[in-house]
Amino acid sequence: QVQLVESGGGLVQAGGSLRLSCAASGSVFSINTMGWFRQAPGKQRDLVATITNGGSTNYKDSVKGRFTISRDGAKNTVYLQMNSLKPEDTAVYYCNLRARAWENFWGQGTQVTVSS
């Protein structure tokens, strides 16, 4: 079993920055993809960014150039640096880890609120 613990959410003004962290613990398979998804009220959960254990990244179009995902393999931790935040970035952000076919884990979520 894998546990994901997120931190770093909060309230920020438009144009500001936040950094989210997610630490994985437990039986983490070495070949995996970690990432961030978000869910705004009344909307489905959408991918924000992912990063493989090899460092390949993928971003939602609307966050490209503003958000940067990175990871520390030794710590099994993934980060999301969010700059130039907009009110439409307001959502609950969830950490995700996918490894072997039957392994798809989620964190508890952290609220990000961007005021205009």
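Scroll up a little and you will see the structure.
Caption draft 1: The packing of aromatic side chains, seen in detail. This structure, assessed with the given rule, holds one aromatic pair. Summarising the aromatic geometry, the rings of Phe37 and Trp106 are spaced 5.0 Å apart at their centres and angled 70° between planes, so their arrangement reads as edge-to-face. Pair noted here: Phe37 is in strand β4 (residues 33-39) and Trp106 is in strand β10 (residues 104-106), with a separation of 69 residues, a long-range link. Phe37 sits in the buried class, given a relative accessible area of 15%. A relative accessible area of 34% means that Trp106 is categorised as partly exposed. Seen from the ring of Tyr94, Arg45 lies directly overhead, with NZ or CZ sitting 3.6 Å from the centre.

Caption draft 2: Broad picture of the state of the cysteines. Enumeration over the complete set of coordinates arrives at one disulfide. Residue Cys22 pairs covalently with Cys95 via a disulfide, S to S 2.0 Å. Disulfide Cys22 to Cys95: torsion about the S-S bond roughly -85°, handedness left-handed. Of this pair, Cys22 sits in strand β3 (residues 18-26) while Cys95 sits in strand β9 (residues 91-98); the two residues are 73 residues apart in sequence, bridging distant segments of the chain.

Caption draft 3: Examining the pattern of salt bridges more closely. Evaluation of the coordinates by the stated rule reveals four salt bridges. Taking the shortest distance from any N to any O, the salt bridge between Glu103 and Arg100 comes out at 3.0 Å. Exposure remark for Arg100: the relative accessible area of 31% places this residue in the partly exposed category. Among the ionic contacts, a cluster of salt bridges with common partners joins Arg38, Arg66 and Asp89.

Procedures and definitions
Residues numbered from 1 in each chain as written. Predicted model: local features only at pLDDT ≥ 70, side-chain atom pairs only at ≥ 80, totals over all residues. Heavy atoms only, no water. Phe/Tyr/Trp six-rings, centres within 6.5 Å; stacked < 30°, edge-to-face > 60°. Helix = DSSP H or I, 4+ residues; strand = E, 2+ residues; numbered from the N terminus. Buried < 20%, exposed > 50% of the residue type's maximum accessible area, 1.4 Å probe, protein only. Lys NZ or Arg CZ within 6 Å of the ring centre and 35° of its normal. Disulfide = S-S within 2.5 Å. Salt bridge = Lys/Arg side-chain N within 4 Å of Asp/Glu carboxyl O.

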